[in-house]
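# Summary of structural features
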Amino acid sequence: MSLVFNLSRVTWLLLASLTFIGCSRQPSVPREVAPLVSYVETFRSSHGRLPSAAEFQEWASKNHPDKKFQYYSEKPASLPEWGKPGTDFIAGAWDGICFVYYQSWDKKTYDGAIQ
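Let me begin by describing the structure that accompanies this report. (Residues numbered from 1 in each chain as written. Predicted model: local features only at pLDDT ≥ 70, side-chain atom pairs only at ≥ 80, totals over all residues. Heavy atoms only, no water.)

Let us now look at the overall build of the protein. What the protein contains, in helices and strands, is three helices and five strands. Ordered by position in the sequence, the α and β elements of the protein form the string α-β-α-α-β-β-β-β. With 115 residues in all, the protein has 29% of them scored as buried. Across the protein, every contact between residues at least 6 apart in sequence was considered, and the portion connecting residues at least 24 apart equals 44%. Accessible surface computed for the protein: about 7,700 Å², of which carbon and sulfur atoms make up 59%. (Helix = DSSP H or I, 4+ residues; strand = E, 2+ residues; numbered from the N terminus. Buried < 20%, exposed > 50% of the residue type's maximum accessible area, 1.4 Å probe, protein only. Contact = heavy atoms within 4.5 Å. Areas by Shrake-Rupley, 256 points an atom, 1.4 Å probe, with all protein chains shown as cover.)

In this structure the tally under the stated criterion is 12 aromatic pairs. Where Tyr39 meets Phe56, the ring centres are 6.1 Å apart and the plane angle is 55°; that geometry is what we call tilted. Here Phe56 lies in helix H3 (residues 53-63) and Tyr39 lies in helix H2 (residues 34-47), a separation of 17 residues in the sequence. Taking 6.0 Å as the distance between ring centres and 45° as the angle between the ring planes, the aromatic pair formed by Phe89 and Tyr102 counts as tilted. Here the residue Phe89 occupies a position in the loop between strand E2 (69-72) and strand E3 (90-94), and Tyr102 occupies one in strand E4 (residues 99-103), the gap between them amounting to 13 residues. Here Phe89 matches Tyr102 in class, with each residue buried. Each residue in the set Tyr39, Phe43, Phe56, Trp59, Phe69, Tyr71, Phe89 and Tyr102 is aromatic and connected to the rest through ring pairs, giving one cluster. (Phe/Tyr/Trp six-rings, centres within 6.5 Å; stacked < 30°, edge-to-face > 60°.)

We now examine the pattern of salt bridges. All told, the structure shown has two salt bridges when counted by the stated rule. Notably, a salt bridge pairs Glu55 with Arg49, separated by 2.8 Å at the nearest N-O pair. What makes Glu55 partly exposed here is its relative accessible area of 23%. Note that Glu58 and Lys62 form a salt bridge whose closest N and O atoms lie 3.1 Å from each other. Of this pair, Glu58 and Lys62 both sit in helix H3, four residues apart, which is roughly one turn of the helix. (Salt bridge = Lys/Arg side-chain N within 4 Å of Asp/Glu carboxyl O.)

Let us now look at the nonpolar core. Proteins that are soluble and globular tend to have nonpolar side chains buried together. Formed by 17 residues in total, the largest nonpolar core has its most connected members in Val33, Leu36, Val40, Phe56 and Phe89. For this core, the secondary structure elements donating two or more residues are H2, H3, E2, E3 and E4. Sorting elements by how many residues they give to this core places H2 first, with five residues. Other than its neighbours up to four places away in sequence, Phe89 contacts Val37, Val40, Glu41, Arg44, Leu50, Tyr71, Tyr72, Trp82, Tyr102, Gln103, Ser104 and Trp105. Counting six residues, the second-largest nonpolar core is a separate cluster that includes Leu79, Trp82, Ile90 and Tyr101. (Core = buried A, V, L, I, M, F, W, Y, C linked by side-chain atoms within 4.5 Å.)

In structure tokens:
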């Protein structure tokens with residue numbers, strides 16, 4: 001009986017930990033995404049537009065060749081909301097567990113998937 005209780009407790013603790021790791025929105029830029037956000041915002045300021053996918057990929061492969069990044073300069077069909085077209089973007093970086101995304105229109109981050 002004690003063994004079952006302990007296993008249940010361990011399972012509960014494991015599930016609680018996994019729930020904590022799940023999807024969340026934060027009002028700050030995690031370190032995994034910070035270089036991407038900085039690049040896109042600097043590019044936008046100096047060129048008056050967002051970088052193209054090719055420009056972003058070129059920058060990422062030169063500056064962070066061992067990292068996995070995602071970049072959206074246009075609204076993916078699966079997203080219910082988007083900021084100002086041509087100005088706002090989403091940048092994502094793999095943190096070893098999942099992708100961490102930053103959305104520029106409300107300056108929040110979240111982890112999960114964009115489908």
